[in-house]
Amino acid sequence: MPLLLLLAACDDQFADPADFDGQPRCGAEAYYSLLGKKASALDNVDLPKSSRVLRPDDVITMDFSPDRLTIDIDRSGLISSVTCR
């Protein structure tokens, strides 16, 4: 029971995925030109402060944030995904 109270107290700091209206809010479309390029292409790009670059086997949080730019790098070192999540 104490764990449930602790979780309930933290509830409002996390975005509710059900509130997401499907519209990207992180500006991902400005970075679509990076798709398929080597990860080193990110060295010359100013990313938003709240962004994250994920590589294979990275440990990540599973919280959903439509305002966070997320760039995925695949095992071959290429940018495979640019999304808001």
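What you are looking at is a predicted structure, and each value in this text was computed from that prediction instead of being measured.

## Re the state of the cysteines
As used in these notes, a disulfide is a covalent bond between sulfur atoms, one from each of two cysteines.
Here is step 1 of the chain: All chains considered together, the criterion is met by 1 disulfide.
Here is step 2 of the chain: The disulfide partner of Cys-26 is Cys-84, and the gap between their sulfur atoms is 2.0 Å. Here Cys-26 and Cys-84 share a disulfide; its torsion about the S-S bond, -85°, makes the bridge left-handed. Of the two residues, Cys-26 sits in the loop between α1 (2-10) and β1 (52-54) while Cys-84 sits in strand β3 (residues 79-84), which places them 58 residues apart along the sequence.
Here is step 3 of the chain: We classify Cys-26 as buried; its relative accessible area is 11%.

## A short note on the pairing of β3
Here is step 1 of the chain: Across 5 bridges, the pairing between strand β2 (residues 69-73) and β3 is antiparallel. Looking at the pairing, Ile-73 lines up with Ile-79 of β3.
Here is step 2 of the chain: Here β2 folds back onto β3, and the loop between the two strands holds 5 residues, one of which, Gly-77, carries a positive phi near 85°.

## Section: unusual backbone geometry
Here is step 1 of the chain: Located in the positive-phi region is Asp-57, a residue other than glycine, with phi close to 70°.
Here is step 2 of the chain: Checked against the element boundaries, Asp-57 lands in the loop between β1 and β2.

What counts and what doesn't
- Residues numbered from 1 in each chain as written.
- Predicted model: local features only at pLDDT ≥ 70, side-chain atom pairs only at ≥ 80, totals over all residues.
- Heavy atoms only, no water.
- Disulfide = S-S within 2.5 Å.
- Helix = DSSP H or I, 4+ residues; strand = E, 2+ residues; numbered from the N terminus.
- Buried < 20%, exposed > 50% of the residue type's maximum accessible area, 1.4 Å probe, protein only.
- Pairing = 2+ DSSP bridges.

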